[in-house]
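# Secondary and tertiary structure notes
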Amino acid sequence: MSSLANTDPEVADIIEMERLRQTNGLELIASENIVSKAVLETTGSILTNKYAEGYPGKRYYGGCEYYDIAENLARDRLCQLFGAEHANVQAHSGSGANMAVYFSTINYGDKIMSMKLSEGGHLSHGSPVSFSGKMYKVVQYGVDHETERLDYADIAAMARKEKPQMIVCGASAYPREIDFKAFGEIAEEVGAYCVADIAHIAGLVAAGLHNSPIDVLPFTTTTTHKTLRGPRGGAIMCKQEYAQVIDKAIFPGLQGGPLMHIIAAKAVCFGEALKPSYKEYCKQIIKNAQTLAATLDAEGLRLVSGGTDNHLMLLDLSDKGLTGLQAENTLHDAGITVNKNTIPRETLSPFVTSGLRIGTPAITSRGMKEEEMKQIGTFIATVLNDIENKEKIAAVRKEVEALASKFPIYAVTE
Ligand code: PLP
């Protein structure tokens, strides 16, 4: 029996129940993944025991000699992975990484221009319920309502009119490639800072499967737990000239002691992402997303923008008379985890929505390929096309469990 099961059976039971949920179901949440055992082991290591305020070589606590090695390793590997000049790996989260970029560049009350949350952006890009919308004036671009893609001429026109101090590009729910160079040119023309938030697509950028903002923009933020397949956390990359202000914005500006067990796990994740097998993994994520999208399309479900270039797709359920909330709950009953999501021209609240966001990073980590995507597409369509049919949902759940059992969650990423 593990020591946790001995000392706190209540929590041990929760972990076991969640292990079974992850093992027996299909995780299709686009922002989630399944970390390697090496990452898992590092996050649960003794590195959690110590304070290490400061940065390598300049700490405010004694005894940090091994922590310095770990943090330098994480920084060096991240720079190598993306070709960045400077990396900060202490940000506890993606939102904190964005906050640090704003704090080190613009002033309270300045103007941010970013993508609408309802059309794919993120809360930390200026939503009124987030610090970013409370501290800054915010103007937002969306997607073109015909193509459902970003229109760079429209974005440039908005930038010229609004003259923001900061332009944010990057998204949480945009299935198409983002042209970071175009954003850089727009920002340069209007004299704005520009940050690319690549939280979702970081793995694809690292693998060279999506264009990179690193050389064309001064700041790039990311989370480490989505396509990158690392521990939960954030990171910032920037040009050398901003290294000091970014580091100061994170510590002592926003955070105290770094989570050194997480930073060491980030090093492990970046090391994994530098291996050739990671590029193959990312290629498979995209192939899987495109196969799943094609299957859903063939089953009569509408995909926002008609398909996907990356790891995710958005389903528009409005013509089926379904809400995202209904679809999320019913697919959950069938053992498939997805999240409801607003879509362009959304008419419903963010808690109800007309859409679903579906992503392939986690099921690709389990080793699933195109054949399984076709099956999963059929499972989803079977449920959504007959949402009141409890027998059908129960039958799909059995098939989901049978498929999941062939791909144990740590078989491939070990
Ligand atoms: N940026 C984008 C584009 C995201 O999608 C997310 C999370 O979903 C974040 C930032 C925030 O990351 P965190 O949840 O670590 O604050």
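Residues numbered from 1 in each chain as written. Predicted model: local features only at pLDDT ≥ 70, side-chain atom pairs only at ≥ 80, totals over all residues. Heavy atoms only, no water.

- Under the annotation held in an unreviewed UniProt entry, the protein chain carries the name Serine hydroxymethyltransferase and is attributed to Methanofollis tationis.
- For the record of the protein chain, the UniProt heading Catalytic activity (unreviewed entry) holds the text "(6R)-5,10-methylene-5,6,7,8-tetrahydrofolate + glycine + H2O = (6S)-5,6,7,8-tetrahydrofolate + L-serine".
- Within the UniProt record for the protein chain, the comment given under Sequence similarities (unreviewed entry) is "Belongs to the SHMT family." (UniProt positions renumbered as here; feature names shortened; annotations may be inferred.)

### Quick notes on the sheet that holds strand β15 (residues 355-359)
- Overall, antiparallel pairing links the 4 strands, which are arranged β11-β12-β15-β14 in an open sheet. Taken across any chain shown, the strands that pair with only one partner, and hence form the sheet edges, are β11 (302-303) and β14 (339-341).
- Note that β11 and strand β12 (residues 312-316) share 2 bridges and pair antiparallel. Bridging from a neighbouring strand, L303 pairs with L315 of β12.
- Contacting β11, β12 and β15, helix α12 (residues 276-298) crosses the sheet at an angle of about 15° to β12.
- Across the sheet, helix α13 (residues 324-333) lies against β14 and β15, angled at about 45° from β15, the strand it touches most. (Pairing = 2+ DSSP bridges. Helix = DSSP H or I, 4+ residues; strand = E, 2+ residues; numbered from the N terminus. Contact = heavy atoms within 4.5 Å. Axes fitted to C-alpha atoms, helices over the stretch in contact; angles between N-to-C directions.)

### What about the sheet that holds strand β7 (residues 166-169)?
- One open sheet holds the 7 strands; their spatial order is β4-β10-β9-β8-β7-β5-β6, and the pairing between them is mixed. With partners counted over all chains shown, the strands left at the sheet margins are β4 (86-88) and β6 (137-141), one partner each. Taken over all neighbouring pairs, the strand axes of this sheet differ in orientation by 20° on average, direction set aside.
- Strand direction decides the pairing type here: strand β9 (residues 219-223) and strand β10 (residues 234-238), joined by 5 bridges, are antiparallel. When the sheet's bridge partners are listed, T223 is paired in β10 with G234.

### What about the side chain of H311?
- Checked against the element boundaries, H311 lands in the loop between β11 and β12.
- In terms of polar contacts, H311 uses its side chain to reach the side chain of H200, at 2.9 Å. (Polar contact = N/O pair within 3.5 Å; in protein donor to acceptor, adjacent residues only side chain to side chain.)

### Some thoughts on the UniProt feature "site: Plays an important role in substrate specificity" (unreviewed entry) in the protein chain
- Residues annotated by UniProt as "site: Plays an important role in substrate specificity" (unreviewed entry) correspond here to H225.
- Structurally, the position occupied by H225 is in the loop between β9 and β10.
- Here the side chain of H225 touches G233 through a polar contact of 3.0 Å, landing on its backbone nitrogen.

### Remarks on the pairing of strand β8 (residues 193-197)
- For β8, a buried count of 4 out of 5 residues is recorded, marking the element as mostly surrounded by other parts of the structure.
- As defined by bridge partners, β7 adjoins β8 across 4 bridges and the pair is classed as parallel. Looking at β8, one finds that V168 is bridged to V195.
- Each parallel crossover has a hand, and the one from β7 via helix α8 (residues 180-190) to β8 is right-handed.
- Relative to β9, β8 is paired through 3 bridges, and the arrangement is parallel. Each bridged residue has a counterpart across the sheet, and for A196 the counterpart in β9 is T220. (Buried < 20%, exposed > 50% of the residue type's maximum accessible area, 1.4 Å probe, protein only. Right-handed = clockwise from strand over helix to strand, strands pointing away.)

### Quick word on unusual backbone geometry
- Geometrically, the link from F251 to P252 is a cis peptide bond, its omega value of 10° lying close to zero.
- Positive phi outside glycine occurs at S305, with the angle close to 70°.
- When you line up the elements, S305 lands in the loop between β11 and β12.
- A relative accessible area of 12% places S305 in the buried class.

### Topic: the UniProt feature "binding site: (6S)-5,6,7,8-tetrahydrofolate" (unreviewed entry) in the protein chain
- The positions UniProt marks with the feature "binding site: (6S)-5,6,7,8-tetrahydrofolate" (unreviewed entry) are L117, G121, H122, L123, S349, P350 and F351.
- Among the secondary structure elements, L117 is positioned in the loop between β5 (111-115) and α6 (131-135).
- In this structure, L117 is in contact with H122, L123, S127, Q140 and T342, ignoring residues within four places of it in sequence.
- The residue G121 is located in the loop between β5 and α6 in this model.
- On the basis of relative accessibility, which here comes to 4%, the residue G121 falls in the buried class.

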